Amino acid sequence: MKEYRFQIDLKVRDYECDLQGVVNNSNYQRYMEHTRHEFLESLGENFGAMHEKGIDAFVSRVNIRFKASLRSGDRFRSCLNVKKEGPKIVFEQDIFRLPDMTPAASGRIESVVVENGKLTRGEYFDNLLLI
C-alpha cells in the first residue's frame, strides 16, 4: 500500500445510504472533504480562521472513481496526499473499507486559493504544507 500524508478512520451512518443499501455517491465527496478539513486542522489551520484573514480555498474540480460500495455501519479509512500544480493545490484521495483495506473510491480534487478576492498561486500553503 502506498504511503499517505494524512489518514482518518470513519464509519458509515445509516442516513448516508440510498435505497440499494449502499453509500450514496455524493457522500464519498463529503468524506473526502471532511478528510481535507481534518488534515488542515492537523497542521494548525482551519478554513474559518483563513477566511478571517481574507484567504479562501475553493474546490475547482472533482473527479471521483467509485470502486466498491460501502454499506451502513462499515468502517473505512480516508487517506490523502497533496501537491501543487501551478496555482492549484491538488489532493489525491483514497477511501478503503476496513479492516481488509478494499478500495472503495479514489479521487483527485483540485483547489485554488483566493486572497482578498484575487486568485493566487497558492503561496499561502507553501510553508503550511511544505510541498
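What you are looking at is a predicted structure, and each value in this text was computed from that prediction instead of being measured.

Colleague: Can you tell me about the confidence of the model for the chain, naming the residues and giving the values?
Modeller: When pLDDT is averaged across the chain, the result is 95; 99% of the residues are at 70 or more. Of all the helices and strands in the chain, helix α3 (residues 124–129) carries the lowest mean pLDDT, 86, while strand β1 (residues 6–11) carries the highest, 98.

Colleague: Can you break down the layout of surface pockets residue by residue, with the values?
Modeller: Estimates place the volume of the largest pocket at around 240 Å³. Around the largest pocket, the lining comprises 15 residues; the ones closest to its centre are Arg-36, Phe-47, Ala-57, Phe-91 and Ser-111. Counting residues per element, the lining of the largest pocket draws most heavily on helix α1 (residues 25–42), at five residues. Residues that form the lining of the largest pocket fall into these classes: 11 nonpolar, two polar and two charged.

Colleague: A description of the packing of aromatic side chains should follow, citing residues and the corresponding values.
Modeller: Applying the stated criterion to the full structure yields six aromatic pairs. Between Phe-6 and Phe-39, the ring centres sit 5.7 Å apart and the planes meet at 55°, which makes this aromatic pair tilted. With a gap of 33 residues between them, Phe-6 in strand β1 and Phe-39 in helix α1 connect regions that are remote in the sequence. Their ring planes at 65° and their centres at 5.4 Å tell us that Tyr-28 and Phe-66 sit as a pair that is edge-to-face. In this pair, Tyr-28 is assigned in helix α1 and Phe-66 in strand β2 (residues 55–66), connecting sequence segments 38 residues apart. When its relative accessible area of 45% is taken as the criterion, Phe-66 is described as partly exposed. Counting every residue linked through ring pairs, the aromatic cluster contains Tyr-28, Tyr-31, Phe-66 and Phe-76. Over the aromatic face of Phe-91 sits the side chain of Arg-36, whose NZ or CZ is 5.8 Å from the ring centroid.

Colleague: Could you give me a rundown of the pattern of salt bridges, with the residues and numbers involved?
Modeller: Scanning the entire structure with this criterion turns up 11 salt bridges. In this structure, Lys-2 engages Asp-94 in a salt bridge whose closest nitrogen and oxygen atoms are separated by 3.4 Å. One end of the pair, Lys-2, is in the segment before β1; the other, Asp-94, is in strand β4 (residues 88–97), and 92 residues separate them in sequence. For the salt bridge of Asp-126 with Lys-84, the shortest nitrogen-to-oxygen distance reads 2.7 Å.

What counts, and at which threshold
Sequence positions are assigned chain by chain, starting from 1 and proceeding in written order. Predicted model: local features are reported for residues with pLDDT of at least 70 only, side-chain atom pairs are reported and counted for 80 or more only, and whole-chain, interface and lining totals are derived from all residues. Note that water and hydrogens are dropped before the side-chain values are worked out from all heavy atoms of the structure. The pLDDT value expresses, per residue, how confident the predictor is, ranging between 0 and 100. We count a stretch as a helix when DSSP gives it H or I for four or more residues in a row; a strand needs E for two or more, and each element gets its number in order from the N terminus. Using a 1 Å grid laid over the protein atoms alone, points where a 1.4 Å probe fits but cannot get out form a cavity; open sets with protein on both sides within 12 Å along at least 5 of 7 lines form a pocket; any residue with an atom within 4 Å of a point counts as lining. Grid points are joined across faces, edges and corners, and a volume is the space filled by probe spheres set on the points. Residues were grouped as follows: Ala, Val, Leu, Ile, Met, Phe, Trp, Tyr, Cys and Pro as nonpolar; Asp, Glu, Lys and Arg as charged; and all remaining residues, including Gly, as polar. Classification of ring pairs uses Phe, Tyr and Trp, with its six-membered ring standing for Trp, and accepts pairs whose centres are within 6.5 Å; under 30 degrees between planes counts as stacked, over 60 as edge-to-face, and the remaining range as tilted. Here the term buried applies to any residue with accessible area under 20% of the maximum for its type, exposed to any over 50%, and partly exposed to those in between, with areas from a 1.4 Å probe on protein chains only. For a ring to carry a charge above it, either NZ of a lysine or CZ of an arginine must fall within 6 Å of the ring centroid while also lying within 35 degrees of the normal to the ring plane. Salt bridge, as used here, is a side-chain nitrogen of Lys or Arg placed within 4 Å of a carboxyl oxygen of Asp or Glu.

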